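Structural overview for review
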Amino acid sequence: MEFENSLQFAQEQDRNDPLAHFRDQFHQPEINGRPALYFTGNSLGLMPRSAREAVETEFADWAALGVEGHFQATNPWVDYHSLLTPMMADIVGARNSEVVCMNSLTTNLHLLFVSFYRPDQQRYKIISEAKMFPSDRYMLETQTRFHGFDPDDAIIEIEPREGEFLIREEDILAAIETHRDELALVFFGAVNYFTGQFFNLPKLTQAAHDAGAIAGFDLAHAAGNLPLQLHDWGVDFAAWCSYKYLNSSAGNVAGVFIHERHGENFDLPRFGGWWGHNKERRFLMENHFQPMPGAEGWQISNEPILGLAVKKASLEIFAQAGMQALREKSIQLTAYLEFVLKDIFADLAAERRSSVSLKIITPENAEARGCQLSLKLVGSDRQLFEDMTKQGIIADFREPDVIRMAPVPLYNSFEDIYSAGIILKSLLHPK
Ligand SMILES: Cc1ncc(COP(=O)(O)O)c(C=O)c1O
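Along each chain, residues carry numbers from 1 onward, in the same order as the chain's sequence is written. This being a predicted model, a pLDDT of at least 70 is required before a residue's local features are given, and a value of 80 or more before pairs of side-chain atoms are given or counted; all residues contribute to the totals for chains, interfaces and linings. To obtain the side-chain values, all non-hydrogen atoms of the structure were included, while hydrogens and water were left out.

**Concerning the overall build of the chain**
Here is the rule: Helical segments are the DSSP runs of H or I of at least four residues, strand segments are the runs of E of at least two, and each set is numbered from the N terminus. The atom set for the radius of gyration is the C-alpha atoms, and the globule formula is 2.2 Å times the number of residues raised to the power 0.38. Under the scheme applied here, a residue whose accessible area is under 20% of the maximum for its type counts as buried, over 50% as exposed, and between as partly exposed, the area being computed with a 1.4 Å probe on protein chains only. Areas reported as accessible are Shrake-Rupley estimates using a 1.4 Å probe. Residue values count occlusion only from the protein chains shown. Neither His nor the chain ends is counted toward charge; the positive residues are Lys and Arg and the negative residues Asp and Glu. Positions of charges follow a simple convention, taking NZ of Lys, CZ of Arg, CG of Asp or CD of Glu.
When its secondary structure is counted, the chain shows 15 helices and 15 strands. Taken over the C-alpha trace, the chain has a radius of gyration of 23 Å; the compact-globule value for 431 residues is 22 Å, and the two agree within 12%. Reported as C-alpha extents along the three principal axes, the dimensions of the chain are approximately 75 × 60 × 35 Å. Residues classed as buried in the chain amount to 55% of the 431 residues present. Entry remark: accessible area of the chain is about 18700 Å², with carbon and sulfur atoms responsible for 50%. Of the charged side chains in the chain, 38 are positive and 59 negative; the average position of the first set lies 4 Å away from that of the second.

**Observations regarding the pattern of salt bridges**
Rules: Criterion for a salt bridge: a side-chain nitrogen of Lys or Arg within 4 Å of a carboxyl oxygen of Asp or Glu.
Under the counting rule described, the total for this entry stands at 26 salt bridges. Its salt-bridge partner being R180, residue E177 comes within 3.2 Å of it at the nearest N-O pair. The structure contains a network of salt bridges with shared partners spanning D79, K279 and E296.

**Section: the sheet that holds strand β9 (residues 237–240)**
Selection rule: The pairing criterion is simple: DSSP has to find at least two bridges between the two strands. The convention used is that axes are lines fitted to C-alpha atoms, helices contributing only their stretch in contact, and that angles between N-to-C directions extend from 0 to 180 degrees. By definition, residues are in contact when any of their heavy atoms lie within 4.5 Å.
In spatial order, the strands read β4-β10-β9-β8-β7-β5-β6; together these 7 strands make up an open sheet with mixed pairing. Single-partner strands in this sheet number two, and they are β4 (99–102) and β6 (155–158). Within the sheet, the average angular offset between the axes of one strand and its neighbour, ignoring direction, is 20°. In the packing of helix α4 (residues 81–92) onto the sheet, the strands contacted are β4 and β9, and the crossing angle to β4 comes to about 120°. Contacts between helix α9 (residues 201–210) and the sheet are confined to β7 (183–189) and β8 (214–218), with β8 contributing the most and set at about 150° to the helix.

**Quick look at helix α15 (residues 414–428)**
Owing to its 3.6 residues per turn, the α-helix aligns residues three or four sequence positions apart on the same side. Test applied: Every helix has an expected span of 1.5 Å times one less than the residues it contains. Think of a polar contact as two N or O atoms within 3.5 Å of one another; within protein, one of them needs to be a possible hydrogen donor and the other a possible acceptor, and neighboring residues in sequence only count if both atoms come from side chains.
For α15, spanning 15 residues, the distance from its first C-alpha to its last is 21 Å, which sits close to the expected 21 Å at 1.5 Å a residue. Every buried residue of α15 is listed here: F414, D416, I417, Y418, A420, G421, I423, L424 and L428. If you follow the buried residues of α15, they end up packed against α1 (7–15), β3 (37–38), α13 (323–350), α14 (382–390), β13 (393–394) and β15 (402–405). Sitting at the head of α15, S413 places a side-chain oxygen 3.4 Å from the backbone nitrogen of E415.

**Remarks on the environment of K390**
Assignment of secondary structure puts K390 in helix α14. Note: C-alpha distance between K390 and A36 (354 residues apart in sequence) is 9.9 Å. Other than its neighbours up to four places away in sequence, K390 contacts I31, N32 and Q383.

**Topic: the packing of aromatic side chains**
Spelled out, the test is: Stacked, edge-to-face and tilted labels apply to pairs of Phe, Tyr and Trp rings (six-membered ring for Trp) whose centres lie within 6.5 Å, assigned for plane angles under 30 degrees, over 60, and everything in between, in that order. Here, a charge over a ring is recorded when the distance from Lys NZ or Arg CZ to the ring centre is within 6 Å and its angle to the ring normal is within 35 degrees.
According to the stated counting rule, one finds 24 aromatic pairs in the structure shown. Taking the centre distance of 5.8 Å and the plane angle of 55° together, the rings of F3 and F339 count as tilted. In this pair, F3 is assigned in the segment before α1 and F339 in helix α13, connecting sequence segments 336 residues apart. On the accessibility criterion, F3 (14% relative accessible area) is buried. For F339, a relative accessible area of 27% corresponds to the partly exposed category. Ring centres 6.2 Å apart and planes at 65° place the aromatic pair F71 and F283 in the edge-to-face group. Of this pair, F71 sits in helix α3 (residues 69–72) while F283 sits in the loop between α11 (260–263) and α12 (305–321), and the two are 212 residues apart along the sequence. Relative accessible area serves as the criterion here: at 44%, F283 is assigned to the partly exposed category. Put simply, the rings of F113, F116, Y117, F187, F237 and W298 touch in pairs and so form one group of aromatic residues. Positioned above the aromatic ring of W298 is the side chain of R270, whose terminal nitrogen or guanidinium carbon lies 3.8 Å from the ring centre. R282 extends its terminal NZ or CZ atom over the ring of W275, reaching a point 4.0 Å from the ring centre.

**Some words on the site of the ligand**
Our working definition: One heavy atom suffices: a residue is near a molecule or strand as soon as one of its heavy atoms comes within 4 Å of it. Classification used: nonpolar for Ala, Val, Leu, Ile, Met, Phe, Trp, Tyr, Cys and Pro, charged for Asp, Glu, Lys and Arg, polar for all others including Gly.
Inspection of the region around the ligand gives L105, T106, F133, S135, D136, D218, A220, H221, Y243 and K244 as its neighbouring residues. Between T106 and the ligand, the recorded distance is 2.5 Å, taken from a side-chain N or O atom to an oxygen atom. Within the side chain of H221, one N or O atom sits 2.9 Å away from an oxygen atom of the ligand. The protein chains hide 81% of the 390 Å² of surface that the ligand would expose on its own. Listing elements by their share of the shell around the ligand, those giving two or more residues are α5 (105–116) and α6 (134–146). Residues belonging to the shell around the ligand are distributed by class as follows: 4 nonpolar, 3 polar and 3 charged.

**Topic: unusual backbone geometry**
E399 connects to P400 through a cis peptide bond whose omega is 0°. By the secondary structure assignment, P400 is in the loop between β14 (396–398) and β15. Phi at N103 takes a positive value of approximately 50°, unusual for a residue other than glycine. Structurally, N103 is set in the loop between β4 and α5. Even without a glycine there, the phi angle at K131 is positive, about 55°. Turning to its location among the elements, K131 is positioned in the loop between β5 (125–129) and α6.

**Here we look at the sheet that holds β14**
Read from one edge to the other, the open sheet built from 4 strands follows the order β11-β12-β15-β14, with strand pairing classed as antiparallel. Two strands in the sheet have a free side with no partner beyond their single neighbour: β11 (357–360) and β14. Pairwise comparison of adjacent strand axes, ignoring direction, gives a mean angle of 30° for this sheet. By the bridge criterion, 4 bridges tie strand β12 (residues 373–378) to β15 in an arrangement that is antiparallel. Across the sheet, K376 pairs through a bridge with V402, a residue of β15.

Printed below as a string of structure tokens:
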């Protein structure tokens, strides 16, 4: 599509957008009494309006029924998580038996590592991306140490080449080949939080399997951002949070995927609790843990219903919109953001009006990125970001000069992008 950096063009795109009405289903934060231009769905998604009512329903049932709510609530609590399962499975491309909503992200990764990182003296290495999200890195370090290995030896980080920002797929594949006899696990953030690079999960999974290793992914920046096909790609396990693209509120219940070829392997070590125990016998209060088949058998505790209610409300919006339609809009929105930014910087450069230059470090190819663009604003500092916030743009800043912006197809518009461009230009070249 031919883009134009004009208000008429942006408004025309919004008028023709079949998903535009979903924006009204979300609360919009305000700055200076006006709706903010919100580009931080990659950090914390906006609140669905339906979330409040969903929680009110559970409060009302709790007030009226007390403990009977486990079986008599509008949505009986004893099995509440299963209401979310088909919608969650759809978003990540899984069978229902492969997915369960539980706990939080880093906690779930530790639990999955109990089953899927089983190093011995020969095979104990983990290949991952350099500069992964710190919590993932701490998880890897403590897991390798827990098994008696030195993280500096056991974790192989693949770095971008000198002078580059993105990790080359060929370098990951070469490392897998080089370490094939000592490799236990390939573990990547599916979309890197800093650069927005989306790795080729089917290829990495295949390469890991060819080397006799397991493939696991952190989908924090991928779930609800891009369509995924975890089952078909043969991924062994994955985990994700619910508060970014899945709009379920800060720290809310996360999700896991365990491929069905592992789901009925009861010999896999795992940490048990009553919520993962054979559903038919759970309340018989017997000894001897018998895990349920599928991902549900990795549950430990009974679930926080208020959190699940919010997440259910949010997943219902995804079910209405559809990941494919969201992705089509997302590709256009992010391409439009890229276009507007480049247009502004081309103007400023032509007129020699700004000392700041733009380098977009996120891949140019839509197949290798989701919503997010990471902008390296060479010659700027945190002040520019703070001025943007004062003027109504909510984005985020990473030292020394990177601003991340993620237009989200459920609630961002083309006009948001145009308006952000006007503000950014005025800040880079004050009159
Ligand atoms: C890639 C990634 N991994 C892990 C985490 C940490 O998640 P949690 O605090 O929910 O465990 C985050 C949080 O933003 C993240 O972006």
